[in-house]
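Single-letter residue listing:
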Amino acid sequence: MSITCDISVPVPSTPIFITATNAQTQVNIAWTDTSNDETGFKIYRKLNSEASYTQLATGIVINSYVDTTITEGQTASYYVTAYNSNGESGKPVAVTATLDN
């Protein structure tokens, strides 16, 4: 058995400068795209009451996302990864926001 890796399309670079901002009725997440070979981005979230991160969204093709599923008073941590056909970028540092209107 042999495994072949196509190095012409590496895993994308990890997004940087991720922010999560309370916008009173939603949390706005934004980041800087550091690669030019991603298919899209995945958003992960962990509420303070949860033990682990879950994938909140995938297929995002711009560098922002709006979380409208969080409710008043909840605090959530988010991180964003880039992906392509070779896999997913590394996990960046998570950011935290509390929805408070």
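Below: a short report on this structure.

Calculation notes
Residues numbered from 1 in each chain as written. Predicted model: local features only at pLDDT ≥ 70, side-chain atom pairs only at ≥ 80, totals over all residues. Heavy atoms only, no water. Phe/Tyr/Trp six-rings, centres within 6.5 Å; stacked < 30°, edge-to-face > 60°. Helix = DSSP H or I, 4+ residues; strand = E, 2+ residues; numbered from the N terminus. Buried < 20%, exposed > 50% of the residue type's maximum accessible area, 1.4 Å probe, protein only. Lys NZ or Arg CZ within 6 Å of the ring centre and 35° of its normal. Salt bridge = Lys/Arg side-chain N within 4 Å of Asp/Glu carboxyl O. Pairing = 2+ DSSP bridges. Axes fitted to C-alpha atoms, helices over the stretch in contact; angles between N-to-C directions.

### Let's talk about the packing of aromatic side chains
Tallying each qualifying case throughout the model produces three aromatic pairs. Look at Tyr-44 and Tyr-79: their rings are 4.7 Å apart centre to centre, the planes differ by 10°, and that puts the pair in the stacked class. Linking Tyr-44 in strand β3 (residues 40-47) with Tyr-79 in strand β6 (residues 75-84), this pair joins segments that are 35 residues apart in sequence. Judged by its relative accessible area of 10%, Tyr-79 falls in the buried class. Connected via pairs of aromatic rings, a cluster forms that spans Tyr-44, Tyr-53 and Tyr-79. Positioned above the aromatic ring of Tyr-83 is the side chain of Lys-42, whose terminal nitrogen or guanidinium carbon lies 5.1 Å from the ring centre.

### A few points about the pattern of salt bridges
Tallying each qualifying case throughout the model produces two salt bridges. Note that Lys-42 is salt-bridged to Glu-88, the shortest N-O span being 3.6 Å. Of this pair, Lys-42 sits in strand β3 while Glu-88 sits in strand β7 (residues 87-88), and the two are 46 residues apart along the sequence. The class for Glu-88 is partly exposed, based on a relative accessible area of 31%. Between Arg-45 and Asp-67 there is a salt bridge; the shortest N-O distance is 2.8 Å.

### Observations concerning the sheet that holds strand β1 (residues 16-22)
One open sheet accounts for three strands, arranged β1-β2-β5; its pairing is antiparallel. Every other strand in the sheet has two partners, leaving β1 and β5 (64-67) as the edge strands with one partner each. Within the sheet, the average angular offset between the axes of one strand and its neighbour, ignoring direction, is 15°. Judged from the five bridges that link them, β1 and strand β2 (residues 27-32) form a sheet pairing that is antiparallel. Across the sheet, the residue bridging to Thr-19 is Ala-30, located in β2.

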